[in-house]
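Next come the chains, spelled out residue by residue.
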Amino acid sequence: MRLVRSFRAALTAAATTAAAVGLALTGTGTAEAATPLPNHVFAPYFEAWTGESPAALSAQSGAKHLTMAFLQTASKGSCTPYWNGDTSMPIAASTFGADIKTIQAGGGDVIPSFGGYTADTTGTEIADSCTDVQQIAAAYEKVITTYDISRLDMDIEVDSLDNTAGIDRRNKAIKLVQDWAAAGGRKVEISYTLPTTTHGLADNGAALLRNAVSNGTRIDVVNLMTFDYYDNQTHDMAKDTQTAAQGLYDLLAQLYPAKTPAQLWNMVGVTEMPGVDDFGKAETFTLAGARTVYDWAVAKGINTLSFWALQRDNGGCPGGAAADNCSGIQQNTWDFTHIFAPFTGGTTTPSNDFSVALTPASGTVTAGQSATATVKTAVTKGDAQSVQLSVSGAPAGVTASLSPASVTAGGSSTLTLATTSAAASGTYTVTVTGAGASGSHSATYSLTVTGGSGSQCTAAPWAKDKVYTGGQQVSYKGHNWKAKWWTTGEEPGSTGEWGVWQDLGAC
């Protein structure tokens, strides 16, 4: 991924023996069975160098599975991987161990990822760095057994894609790990995350897969990075995802002629970048695009949905460029996660779910007074889960609060809407959203304010031929509206809640 800002230690680490890595292939490491991933999984990337807790962000966002980025050596020539190449972050229970156990206890899991843009351009991707296939395999095994996981990801791009010796070593090492796992009755999956064109893998990506086939290495998922095309074209990112995946499917059909179409599609993974990618606004993945990709992914039966990265799933920098910590577009926090999260499934374990309701669902207050409602949650399937509550849609002059802001499904919270005299008279829709590991649900409250001194009708009238960008406001048919993203010609109120225009209330 291009946005990696790895804080690798400056100290040079000496190459180590396979024993120092932790597990020799014939040593004491066991291949006890971990819980397999679901047949279809949403697993966004987590930037492991930020100091944040993956378990906390998993709970807050509702993303039960995370792809943990990245593992790499501290220096070129080493055979010892660390998180972010940082020697203070070894492969050990002391580094992310408690977080990973928490995620697993909640029915999720992590997918540790080797490589990434920084490693792949500095010679610190382990198969580029280490020339001993046995030690590479031992490092992979140590990650598997230390964290008790069932899939490893290989993020291979830029220089590493053209390092044919490294590619061959990596695939040989993976084959050794697969043999070790099979002997111990353990399922271990391997995914390759690779850059793509809008019509499928470039020649070097295809060559990597052919090398795997020639080495007898099983690749379970080929995960396309459907962003950063850098071709100076304007993109429909959702459409390009589909054409890129079709190109990959066609290649996989050549490499694995015995597989059925369903099996081939189940080898496909897709990683998007929410909002503006590294190239710029011509390559912007929208919330509408995410819904299109989700529906397509379900219909095709692909294996993995992901995006780079969980920390970017917020609207903290609308109108800006690509960043490590925000999407560059107008959105609520976790919008992309909530769209993709229901993709996870395919296990025999009953899924958990919950509901959100408001009692009462409406109220009228004189400006300066407050209204309250009870937010009720209930378990509708499986077991109770933690539900994070948030509220949106409160107009100027109205403050919305929730107490408490987090409940266990089945619990209640109080919504308070405190108005001031500056609130404009009118009726407003306030939305309470509950986000849990299984996804999100919402309920609405209709607030009518009377006697307010504020004025809503300050925005210019909507014009059919004018271009609007995210955040701009207009008035139309007695309501104020705010654009969520770039638009022209779309009539406010004509496309429902998923349209570009957000209804800010009556004038």
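Higher on the page you've got the structure.
Residues numbered from 1 in each chain as written. Predicted model: local features only at pLDDT ≥ 70, side-chain atom pairs only at ≥ 80, totals over all residues. Heavy atoms only, no water.

(A) Seen up close, unusual backbone geometry. Of note, the amide linkage connecting A69 to F70 takes the cis form, showing an omega dihedral of 0°. In this structure, F70 sits in strand β3 (residues 65-73). That bond from T359 to P360 is cis: its omega, -10°, falls within 30 degrees of zero. Unusually for a residue other than glycine, Y230 sits at a positive phi of about 55°. The residue Y230 is located in the loop between β8 (221-225) and α10 (237-255) in this model. The phi dihedral of N232 is positive, around 60°, even though this residue is not glycine. (Helix = DSSP H or I, 4+ residues; strand = E, 2+ residues; numbered from the N terminus.)

(B) Local environment of α10. For α10, spanning 19 residues, the distance from its first C-alpha to its last is 27 Å, which sits close to the expected 27 Å at 1.5 Å a residue. When we look at burial in α10, the residues that qualify are M237, A238, D240, T241, A244, A245, G247, L248, Y249, L251, L252 and L255. (Expected span 1.5 Å × (residues − 1). Buried < 20%, exposed > 50% of the residue type's maximum accessible area, 1.4 Å probe, protein only.)

(C) Representation of the sheet that holds strand β21 (residues 439-450). Here we have 5 strands laid out as an open sheet, ordered β14-β21-β20-β16-β18, and mixed in their pairing. In this open sheet, the two strands that pair with only one neighbour each are β14 (362-366) and β18 (406-408). Shown here is a sheet whose adjacent strand axes are inclined to one another by a mean of 30°, direction ignored. (Pairing = 2+ DSSP bridges. Axes fitted to C-alpha atoms, helices over the stretch in contact; angles between N-to-C directions.)

(D) Broad picture of the packing of helix α6 (residues 133-147) against helix α8 (residues 164-183). Put simply, α6 and α8 touch, their axes get as near as 8 Å, and they point 50° apart. By the angle class used here, α6 and α8 are oblique. As α6 packs across α8, the resulting crossing turns out to be right-handed. Across from V133, Q134, I136, A137, Y140, E141, I144 and T145 in α6, the residues of α8 making contact are R169, R170, K172, A173, I174, L176, V177 and W180. (Parallel < 35°, antiparallel > 145°, perpendicular 65-115°, else oblique. Left-handed = near helix turned anticlockwise from the far one by under 90°. Contact = heavy atoms within 4.5 Å.)

(E) The arrangement of the pattern of salt bridges in detail. One pass over the structure, following the stated rule, counts 8 salt bridges. R170 is the partner of D128 in a salt bridge, and the nearest nitrogen-oxygen pair spans 3.7 Å. On the criterion of sequence distance, the pair formed by D128 in helix α5 (residues 126-129) and R170 in helix α8 is long-range, its members being 42 residues apart. Per residue, the accessibility class of D128 equals that of R170, and both read buried. One salt bridge in this structure joins E189 and R151, with 2.9 Å as the shortest N-O distance. A residue pair is termed long-range when its members are at least 10 positions apart, and E189 in strand β7 (residues 189-195) and R151 in strand β6 (residues 151-155) qualify at 38 residues. When sorted by exposure, E189 lands in the same class as R151, which is buried. Through salt bridges with shared partners, a single ionic network connects E125, D128 and R170. (Salt bridge = Lys/Arg side-chain N within 4 Å of Asp/Glu carboxyl O.)

(F) Structural view of the side chain of S129. Secondary-structure assignment places S129 in helix α5. A residue is classified by how much of its surface remains accessible, and S129, at 6% relative accessible area, is buried. At 3.4 Å, the side chain of S129 forms a polar contact with the side chain of T73. At 2.7 Å, the side chain of S129 forms a polar contact with the backbone oxygen of S78. Ignoring any residue separated from it by four or fewer positions in sequence, one finds S129 in contact with T73, S75, K76, G77, S78, G123 and T124. (Polar contact = N/O pair within 3.5 Å; in protein donor to acceptor, adjacent residues only side chain to side chain.)

(G) Geometry of the environment of T122. Topologically, T122 is positioned in helix α4 (residues 117-122). Distance in space between the C-alpha atoms of T122 and A92 is 24 Å, their sequence separation being 30 residues. Side chain to side chain, T122 and T124 meet in a polar contact 2.9 Å long.

(H) Just helix α3 (residues 97-105), in detail. All of the buried residues along α3 are G97, D99, I100 and I103. Each buried residue of α3 sits inside an arc of 160° when the element is viewed along its axis, so together they form one side. In this structure, α3 carries A98, K101 and A105 as exposed residues pointing more than 90 degrees from its buried face. If you follow the buried residues of α3, they end up packed against α2 (54-61), β3, β5 (109-115) and α6. Following α3 by one or two positions, G107 adopts a phi angle in the positive range, close to 90°. (Arc of directions from axis to C-beta.)

(I) Highlighting the sheet that holds strand β17 (residues 398-403). The 4 strands are arranged β13-β15-β19-β17 in an open sheet whose pairing can be described as antiparallel. The open sheet terminates on both sides in strands that have one partner only, identified here as β13 (353-359) and β17. On average, each strand axis in the sheet is tilted by 20° relative to the strand beside it, whichever way the strands run. As paired elements, β13 and strand β15 (residues 370-381) share 7 bridges and run antiparallel to each other.

(J) Looking closely at the state of the cysteines. Enumeration according to the criterion identifies 2 disulfides in this entry. Disulfide pairing places C79 opposite C130 at an S-S distance of 2.0 Å. Classification of the bridge connecting C79 and C130 rests on its S-S torsion, roughly 85°, and on that basis the disulfide is right-handed. Here the residue C79 occupies a position in the loop between β3 and β4 (81-83), and C130 occupies one in the loop between α5 and α6, the gap between them amounting to 51 residues. The exposure class of C79 is buried, given its relative accessible area of 5%. Given the relative accessible area of 0%, C130 is considered buried. (Disulfide = S-S within 2.5 Å.)

(K) Here's a closer look at the packing of aromatic side chains. Counting across every chain of the model gives 16 aromatic pairs. Taking the centre distance of 5.6 Å and the plane angle of 15° together, the rings of F70 and W308 count as stacked. Residue F70 is found in strand β3, and its partner W308 is found in the loop between β12 (304-307) and α13 (335-340); the two are separated by 238 residues along the sequence. The buried category is assigned to F70, whose relative accessible area is 2%. Consider the rings of F114 and Y140, whose centres lie 4.9 Å apart with planes at 80°: the pair is edge-to-face. Taken together, the residues F114 in strand β5 and Y140 in helix α6 connect sequence positions 26 residues apart. Note on accessibility: F114 and Y140 belong to one class, buried. (Phe/Tyr/Trp six-rings, centres within 6.5 Å; stacked < 30°, edge-to-face > 60°.)

Keep in mind that these numbers describe shape and distance, not what the molecule does.
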